[in-house]
Amino acid sequence: NYDCEFSSHAIFDKFSQTEKNLMCKEYSSIIYDQSTPIKLLNPQQGEYVNINSDGFRGASLDFKSDSYKIFILGGSSLFGHVSSSDETTIPALLEKEIQVLKLDIKIINAGIPYSTTIDERYYIEHHILDYDPDLIIMYDGWNDIWHINETKSNVSYEELSLNNAVLNNQQHTKSILYKISREVFYLFESINYKTGLGITYILYDVWNYAVISPNYSLEISNENLLKFENNIITNWSEVCKLGELNGFQTVNIIQPILGTSNKNLNIDDPLESNYLKNIDMEQISSASSCDNIVDLRDVFNGIDEEQIYFDKGHMSDLGNEIIAEKLFELISPMLLEK
């Protein structure tokens, strides 16, 4: 039995209950490879969600060497959680916009749910570079603040690279228990790989919910905002340096979430969030080594009548379309110049 609150939301009224049930099942059945430092998507085929053999959302791609390749990275909002199809995600809608330029351009949806900027940095360095990208767009913000208390947001890039995704996505503690748990996890994983009993994940659940969760709360404090800004600056800057070394351009985007635009709330909207309202964009832009940093937090200003959000960050197809149109405005001059 799958529990999908989105199926009763107004933005899905046009779908039959059978269609909503199938959509719910497919979004609830996404499987990840967690043996590497970041979560990677396993291939799957469905009516609404398809992950190709390269681990990207959408149909299989022929990566011709002469095509201009744009990879867009982000979390579930970019991946298209609860989008009505592969074709109504932000990357797919952007590709539709770009078709008017009549150029040989491929846009790859490299979004992975739960990803933060440090996950994307690793993904680019260890996977995306193999595809010889020409432009990389990073669409970030919500996950970097939402996962601010997890291990991946509190360790160095080098330490993240030594862990696997299970450890990197657990709640972080500075106590000696964390150091002990790391060794215990790896011991049980070595058993799990031989037996297939899922012991690691049972242990993870016990650790997360019995030891850490009772003492865990997400506080959007000044300390967390500063940590968020430093993480964004560091990881974006390292990706931009990779671009200089490997010949690809970068565009770095702070995404909108509910409450960052001066958009009146609809009756079905959840409570707005101030997670990204108070970040210092001037500091992020000046301290980063990136040239193309874009603030899209207010992209929905004045769009009062339409339903955009399902929750604090996931959007309807209409929201994805508005974002795609804005991205086209931003990057089309770069593409024409190239």
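Preceding this paragraph is the structure being described.
A brief look at the structure comes next.

Criteria and cut-off values
- Residues numbered from 1 in each chain as written.
- Predicted model: local features only at pLDDT ≥ 70, side-chain atom pairs only at ≥ 80, totals over all residues.
- Heavy atoms only, no water.
- Helix = DSSP H or I, 4+ residues; strand = E, 2+ residues; numbered from the N terminus.
- Buried < 20%, exposed > 50% of the residue type's maximum accessible area, 1.4 Å probe, protein only.
- Polar contact = N/O pair within 3.5 Å; in protein donor to acceptor, adjacent residues only side chain to side chain.
- Contact = heavy atoms within 4.5 Å.
- Salt bridge = Lys/Arg side-chain N within 4 Å of Asp/Glu carboxyl O.
- 1 Å grid on protein atoms, 1.4 Å probe; cavity = no way out; pocket = protein on both sides within 12 Å on 5 of 7 lines; lining within 4 Å.
- Points joined across faces, edges and corners; volume = space filled by probe spheres on them.
- Nonpolar A, V, L, I, M, F, W, Y, C, P; charged D, E, K, R; others polar.
- Core = buried A, V, L, I, M, F, W, Y, C linked by side-chain atoms within 4.5 Å.
- Pairing = 2+ DSSP bridges.

The next point concerns the side chain of N50. Relative to the helices and strands, N50 resides in the loop between β2 (40-41) and β3 (68-74). Its relative accessible area of 18% is what places N50 among the buried residues. In terms of polar contacts, N50 uses its side chain to reach the side chain of D86, at 2.8 Å. When neighbours within four sequence positions are excluded, N50 is seen to be in contact with Q44, Q45, F56, R57, G58 and D86.

Oppositely charged side chains may form a pair once their charged atoms are brought near each other. Here the structure, examined in full by the defined rule, presents five salt bridges. Across the pair D86 and R57 runs a salt bridge, and its minimum N-O distance is 2.8 Å. Taken as a pair, D86 in the loop between α2 (76-79) and α3 (90-98) and R57 in the loop between β2 and β3 lie far apart in primary sequence, 29 residues in all. Judged by its relative accessible area of 11%, D86 falls in the buried class. The class for R57 is buried, based on a relative accessible area of 7%. The partner of K152 in a salt bridge is D119, with the nearest N and O atoms 2.9 Å apart. A residue pair is termed long-range when its members are at least 10 positions apart, and K152 in the loop between α5 (142-146) and α6 (157-162) and D119 in helix α4 (residues 117-126) qualify at 33 residues. The same class applies to K152 and to D119, which are both buried.

Per the stated rule, a full pass over the model turns up four cavities of 30 Å³ or more. Lining the largest cavity we find I38, K39, L73, I112, P113, Y114, S115, D119, E120, Y123, K152 and N169. Here the lining of the largest cavity gets three residues from one element, more than from any other, and that element is α4. Class assignment of the residues belonging to the lining of the largest cavity gives a composition of six nonpolar, two polar and four charged.

In this structure, F6, F71, Y123 and I124 are the most contacted members of the largest nonpolar core, which totals 57 residues. Here this core takes eight residues from helix α10 (residues 222-246), the largest share from any one element. Judged by nonpolar contacts, the second largest core, of 32 residues, contains L78, L94, I98 and I105.

With that settled, the discussion passes to the pairing of strand β5 (residues 135-140). Among the six residues of β5, six are classified as buried, and the element is accordingly described as predominantly covered. Where β3 meets β5, five bridges bridge the pair, whose relative direction is parallel. Bridged to G74 within β5 is Y139. Note: β5 against strand β6 (residues 249-254), six bridges, orientation parallel. Note on β6: the bridge partner recorded for I136 is T250.

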